[in-house]
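# Coordinate analysis (summary)
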Amino acid sequence: MTSTDPLVGQASAQTGAAIISTDIPARLDRLRWGRFHTLVVVALGITWILDGLEVTLAGAVAPALKESPRLHFSNAEVGLVSSAYLAGAVVGALFFGWLTDRLGRKRLFFITLALYLVATAATALSWNLWSFALFRFLTGAGIGGEYTAINSAIQELIPARYRGWTDLVINGSFWIGAALGAVASIILLDPAVLPPDWGWRFAFLIGATLGLVIFLMRMWLPESPRWLMTHGRVDEANRVLDGIEDEFRARGHRFDDEPLPVMRLRTRRFTPLAEVAKTLFRVERRRTLVGLTLMAAQAFFYNAIFFTYALVLTDFYGIRADHVGWYLLPFAAGNFLGPVLLGRLFDTIGRRTMIAMTYAVSGLLLAGAGYLFALGVLSAAGQTIAWMVIFFFASAAASSAYLTVSETFPLEVRALAIAFFYAIGTGIGGLAGPWLFGASSTPAHAGAFSAATCSARC
């Protein structure tokens, strides 16, 4: 076993920092893929499944919210509550991202999950527009906090040579939840199964029920050894890593006795916000601009379309509300298959080439689909097939935005950096999109709904 005792050097009186030498990163990266990494993917990916379930249900139940005897939302109000969810995700990402860098990844997993469970269950009990919007805001805050902690954990627990594919697949698991939400909406929104004002309420209770399972799944998930290391808890980090390596040895894997690369770093309890700002806006301005561009593009692209997809199907194609789920299933399949099949290429061909290719292809395909829609040649099935193909590439592109941001900035500010890019990107591209798209998706605006409008708002 490799020893990683810290070598204490000069300390900072202000932050209690000390210089340590450690080979913990090298030990983590030398691991081959094992049962531990598979469990990490499952335990972390389940959150994206829940988010996919939430977003799909929010979109699929939109017609039911309009027809609800109690709520009776307009299209603009449907878009408004969708934006409330995204606003909560922005606030939650920033606040919990700040806490994640201070309190650790594992502790925040449980705090944010608890908020999500309570808020999504409360959504099912909503009695008017503002109560619904408030509970959706809090649900989004829980999910936004999960985003930062989980993307940080992916970078810190998964070996570098598997990281691209793993990051894309975990983020792409959102669409498994989307498929579950689509199936649930088919059943729960059927008037023959449940009364109109009950189905959407049961739909949101599904998310709260499934979320309870995550508490059990995450009990075994360790704190990130890299986070422990940077906070001066090297002995604890070594114990966590020893346990991971012992599991590999128990399954027949043997580690070489050759010495591993050692890195020196200064530990500290936290990184001052002023230093984070300096890193983002002065030292790494170009990287910051790239991250913001990627995050804003994927947020506007996705949120505007997906939150109001059901409205397009019902208002423009005359699809019944309880049949919307059938059109969401192939859409979700394309979105999940994209990261799964293209993710390996991000590790082999490279990040830059694949990011440029997936963004460019999805943009060109969207422009073509918008043109066909403007001509009126697409049926509901044709529109669904077109978006299924588009989002096969767009899903990998969107997931790569998180991968880029999390790999670009250092570990000690990683969660807050992810939160910042997610918040600004969602604020630019996500908050206005659903409301504007929902407001335009009315019969009065049908004639004006052109390819240019779709491209600008999606």
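Scroll up to find the structure this text is about.
Notes on the structure follow.

Rules of the game
Residues numbered from 1 in each chain as written. Predicted model: local features only at pLDDT ≥ 70, side-chain atom pairs only at ≥ 80, totals over all residues. Heavy atoms only, no water. Helix = DSSP H or I, 4+ residues; strand = E, 2+ residues; numbered from the N terminus. Contact = heavy atoms within 4.5 Å. Areas by Shrake-Rupley, 256 points an atom, 1.4 Å probe, with all protein chains shown as cover. Buried < 20%, exposed > 50% of the residue type's maximum accessible area, 1.4 Å probe, protein only. Pairing = 2+ DSSP bridges. Core = buried A, V, L, I, M, F, W, Y, C linked by side-chain atoms within 4.5 Å. Axes fitted to C-alpha atoms, helices over the stretch in contact; angles between N-to-C directions. Left-handed = near helix turned anticlockwise from the far one by under 90°. Nonpolar A, V, L, I, M, F, W, Y, C, P; charged D, E, K, R; others polar. Salt bridge = Lys/Arg side-chain N within 4 Å of Asp/Glu carboxyl O. Phe/Tyr/Trp six-rings, centres within 6.5 Å; stacked < 30°, edge-to-face > 60°. Lys NZ or Arg CZ within 6 Å of the ring centre and 35° of its normal. Patch = residues over 30% accessible without salt bridge, like charges linked within 9 Å, V, L, I, M, F, W, Y side chains within 5 Å.

### Thoughts on the overall build of the chain
Looking only at helices and strands, the chain features 20 helices and 2 strands. Long-range pairs, those at least 24 residues apart, make up 84% of the contacts in the chain with a sequence separation of at least 6. For the chain, the exposed surface amounts to about 18200 Å²; the carbon and sulfur share of it is 66%.

### Some points on the environment of alanine 398
By secondary structure assignment, the location of alanine 398 is in helix α17 (residues 380-408). Through-space distance from the C-alpha of alanine 398 to that of alanine 299 is 8.0 Å; in sequence the pair is 99 residues apart. Alanine 398 has contacts with Gln298, Tyr302 and Tyr359, leaving out every residue within four places of it along the chain.

### Some thoughts on helix α7 (residues 163-172)
By the criterion of burial, α7 is predominantly enclosed, with 10 of the 10 residues buried. Listed in full, the buried residues belonging to α7 are Arg163, Gly164, Trp165, Thr166, Asp167, Leu168, Val169, Ile170, Asn171 and Gly172.

### Quick notes on the pairing of strand β1 (residues 19-22)
The alternating pattern of β1 places Ile19 and Ser21 and Ile20 and Thr22 on opposite faces, both of which are buried. Where β1 meets strand β2 (residues 263-266), 4 bridges bridge the pair, whose relative direction is antiparallel. Counterpart to serine 21 in the pairing with β2 is arginine 264.

### Quick look at the nonpolar core
Among soluble globular proteins, nonpolar side chains are generally buried collectively. Grouped together as the largest cluster of nonpolar side chains are 116 residues, with contacts concentrated most on Leu44 and Trp200. Broken down by element, the residue count for this core peaks at 13 residues, all from α17. In this structure tryptophan 200 touches Val61, Ala64, Leu65, Ser68, Leu71, Thr123, Ala124, Ser126, Phe132 and Leu189, once residues within four positions along its chain are discounted.

### Thoughts on the packing of helix α4 (residues 75-103) against helix α5 (residues 105-123)
Following both chains from N to C, one finds α4 and α5 inclined at 145°, their axes separated by 8 Å at the closest point. Between α4 and α5 lies a crossing of right-handed hand. Listed contacts from α5 to Phe96, Leu99, Thr100, Asp101 and Leu103 of α4 are Arg105, Arg107, Leu108, Ile111, Thr112 and Leu115. In terms of residue class, the contact of α4 with α5 is built from 6 nonpolar, 2 polar and 3 charged.

### Brief notes about the pattern of salt bridges
Scanning the entire structure with this criterion turns up 12 salt bridges. The partner of glutamate 245 in a salt bridge is arginine 30, with the nearest N and O atoms 3.1 Å apart. Residue glutamate 245 is found in helix α11 (residues 234-250), and its partner arginine 30 is found in helix α1 (residues 24-30); the two are separated by 215 residues along the sequence. A relative accessible area of 21% places arginine 30 in the partly exposed class.

### With respect to the packing of aromatic side chains
Following the criterion strictly, the structure yields 13 aromatic pairs and no others. Each ring, one from phenylalanine 281 and one from phenylalanine 420, has its centre 5.6 Å from the other, and the planes form 85°; the classification is edge-to-face. Placement of the pair is phenylalanine 281 in helix α12 (residues 273-283) and phenylalanine 420 in helix α18 (residues 414-429), with a sequence separation of 139 residues. By relative accessible area, phenylalanine 281 is classed as partly exposed at 44%. Since its relative accessible area comes to 16%, phenylalanine 420 is described here as buried. One aromatic cluster is present, built from ring pairs that chain together Trp175, Phe331, Trp387 and Phe391. We note arginine 344 situated over the ring of tryptophan 165; from NZ or CZ to the ring centre the distance is 4.3 Å.

### A look at a nonpolar patch on the surface
Together, Tyr371, Leu372, Leu375 and Val377 make up a nonpolar patch on the protein surface, roughly 400 Å² of accessible area in all. For valine 377, the position within the fold is in the loop between α16 (351-375) and α17. Residue class for valine 377 comes out exposed when judged on its relative accessible area of 55%.

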